[in-house]
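An overview of the molecular structure
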Amino acid sequence: MPTSLVAVSLEVQARCHPYQVLVGRELLPTVAARVCELSAFRPRARCVVVTDSVVAPLHAEPVLQSLSAAGFRPHLAVFPAGEGSKSMAQAAAVAEELIGHGLDRHGFVVALGGGVVGDLAGFVASIYQRGIPYVQIPTTVVSQVDSAIGGKTGVNTASGKNLLGSFHPPALVLVDVATLATLPEREFNEGFAEIIKHAVIRDRPLMRSILDFRRGDQDALLQIIHRNLEIKAEIVAADEYERLGVRALLNFGHTVGHGIEQAAGYGRMLHGEAISLGMVAAAWLSAERAGLSSGDRDLITQSLRRYGLPTALSPEISTESILNSLRRDKKFESGAVRFVLTPAIGQARLSLPDEVGLEDIRRAIEAIRAPAA
Ligand code: GLY
């Protein structure tokens, strides 16, 4: 068995229960030992490891083996990889697998995979028999630095992203950076959109580490992931249910980004790629409304390019289709949005009521278009 290294353990101060986030390498074979330490889990409980068709062959085996060896009774539920699976129909199918495996209220779910797996499995855990515990084992950069902690779960509908969901904090999060080694370049890089977002809203020195990082430097990666988890944990602890204007700062780049992602058609653009474009638009508006310097604006664009992320919008995606998606976004209330602006890298604030309207967003979208060839 590989040596497990828990480099750090953070605690997320969630209101219903604080939970640990363990960050290190080769943690997958230790999942059962970690679960046994928690009172939420009963010995010999049935559990379902929910994962997708890409992650299952790569990472399911050590998780299943660890759980079986400790006396738990695991079942593997695999669904097709991709954003298209983040649906009510797929949630119902996963719930049927839990029923079929005989999970009762003492059972638990393990979400093994990227953001789609975590959001879908967490959502099913939150509604199954009115809520059972779940463990998050994120295997992508995006899910490790962002979606696996904070307790947001949900699925998309034809009208928009995450329109159905719940807050259901995990009982435990295992962040094993060794799982990132199998990620294709594009998926690895996509995660840096969220890392750059964290630097922009909270941590200027992190921008330096982002620009200096080279894939393959495992220690630097561990440090970057850990710092991002600290930032996310602090923000979640300050405003878990996104009511106080603190957690909403994590939406930097996501208003326009979600609109672009939906207008492009799910699956055509990776989430982080759409968020990259959203951040370029948010930086443009921040220069207009919040005094962001041209130097900082260029640094944001440069960091995104450093990870091969798009910074100019393709003519194939019309402004109108993005605005139509935006109008259905849950960040909009009565046609108004609290847009996240950055006055300088390391700081962020919500726009004042009436400070940023749809017309401003339209201009920002036009400003990030690639020049005509
Ligand atoms: N990914 C944004 C949040 O967790 O609030």
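As shown above, the structure is provided for reference.
Residues numbered from 1 in each chain as written. Predicted model: local features only at pLDDT ≥ 70, side-chain atom pairs only at ≥ 80, totals over all residues. Heavy atoms only, no water.

**Some details on the overall build of the protein**
Summing up its helical and strand segments, the protein has 14 helices and 13 strands in all. The C-alpha radius of gyration computed for the protein amounts to 20 Å, which stays within 12% of the reference 21 Å derived for 373 residues, consistent with globular compactness. Within the protein, the proportion of its 373 residues that are buried is 57%. Expressed as a percentage of contacts within the protein between residues at least 6 apart in sequence, the contacts between residues at least 24 apart total 76%. Of the accessible surface of the protein, which amounts to about 15000 Å², a share of 52% is contributed by carbon and sulfur atoms. The positive charge centre, built from 37 side chains, and the negative charge centre, built from 39, are 3 Å apart in the protein. (Helix = DSSP H or I, 4+ residues; strand = E, 2+ residues; numbered from the N terminus. Rg over C-alpha atoms; globule rule 2.2 N^0.38 Å. Buried < 20%, exposed > 50% of the residue type's maximum accessible area, 1.4 Å probe, protein only. Contact = heavy atoms within 4.5 Å. Areas by Shrake-Rupley, 256 points an atom, 1.4 Å probe, with all protein chains shown as cover. Lys, Arg positive; Asp, Glu negative; His and termini not counted. Charge placed at Lys NZ, Arg CZ, Asp CG, Glu CD.)

**Let's talk about the site of the ligand**
Taken together, the residues surrounding the ligand are D146, K152, K232, E242, R247 and L250. Within the side chain of D146, a nitrogen or oxygen atom sits 3.0 Å from a nitrogen atom of the ligand. The side chain of K232 places a nitrogen or oxygen atom 2.7 Å from an oxygen atom of the ligand. For the ligand, the accessible surface in isolation is 200 Å², of which the surrounding protein chains cover 87%. (Near = heavy atom within 4 Å. Polar contact = N/O pair within 3.5 Å; in protein donor to acceptor, adjacent residues only side chain to side chain.)

**Description of a nonpolar patch on the surface**
Residues M88, L163 and L164 make up a contiguous nonpolar surface patch of about 230 Å² in total accessible area. Counting through the fold element by element, L163 comes out in strand β8 (residues 160–167). (Patch = residues over 30% accessible without salt bridge, like charges linked within 9 Å, V, L, I, M, F, W, Y side chains within 5 Å. Salt bridge = Lys/Arg side-chain N within 4 Å of Asp/Glu carboxyl O.)

**Describing the environment of A193**
The topology assignment puts A193 in helix α7 (residues 192–202). Once the C-alpha coordinates of A193 and A364 are considered, the two residues, 171 residues apart in sequence, prove to be 19 Å apart. Beyond its immediate stretch of four places on either side in the chain, A193 contacts G272, I275, S276, M279 and L309.

**Here's the deal with the packing of aromatic side chains**
Across all of its chains, the model carries seven aromatic pairs by this definition. Ring plane angle 45 degrees and centroid distance 5.6 Å describe the contact between F188 and F192, whose orientation is recorded as tilted. The exposure class assigned to F188 is buried, which follows from its relative accessible area of 2%. Look at F192 and you get buried, because its relative accessible area is 0%. Following the ring pairs from residue to residue traces out a cluster consisting of F188, F192, F213 and Y307. (Phe/Tyr/Trp six-rings, centres within 6.5 Å; stacked < 30°, edge-to-face > 60°.)

**Overview of helix α12 (residues 294–306)**
Taking 1.5 Å of rise per residue, the 13 residues of α12 would be expected to cover 18 Å, and the 18 Å separating its terminal C-alpha atoms lies within 8% of that figure. For α12, the full list of buried residues reads D296, I300, T301, S303 and L304. Here the buried residues of α12 occupy an arc of 160 degrees about the axis, which is enough to place them on one side. In this structure, α12 carries S294, D298 and R305 as exposed residues pointing more than 90 degrees from its buried face. Of the residues flanking the end of α12, it is G308, one or two places downstream, whose phi is positive at about 65 degrees. (Expected span 1.5 Å × (residues − 1). Arc of directions from axis to C-beta.)

**Focus on the pairing of strand β5 (residues 108–113)**
Burial of β5 is extensive: six of the six residues sit out of reach of the surface. For strand β3 (residues 46–52) and β5, the ladder comprises four bridges, and the chain directions are parallel. When the bridges of β5 are listed, C47 appears paired with F108. As judged from the five bridges shared by β5 and strand β6 (residues 134–138), these two strands associate in the parallel manner. Looking across to β6, one finds that V110 is bridged to V135. In this region the chain leaves β5, passes through helix α4 (residues 115–127) and returns to the parallel neighbour β6; the handedness of that crossover is right-handed. (Pairing = 2+ DSSP bridges. Right-handed = clockwise from strand over helix to strand, strands pointing away.)

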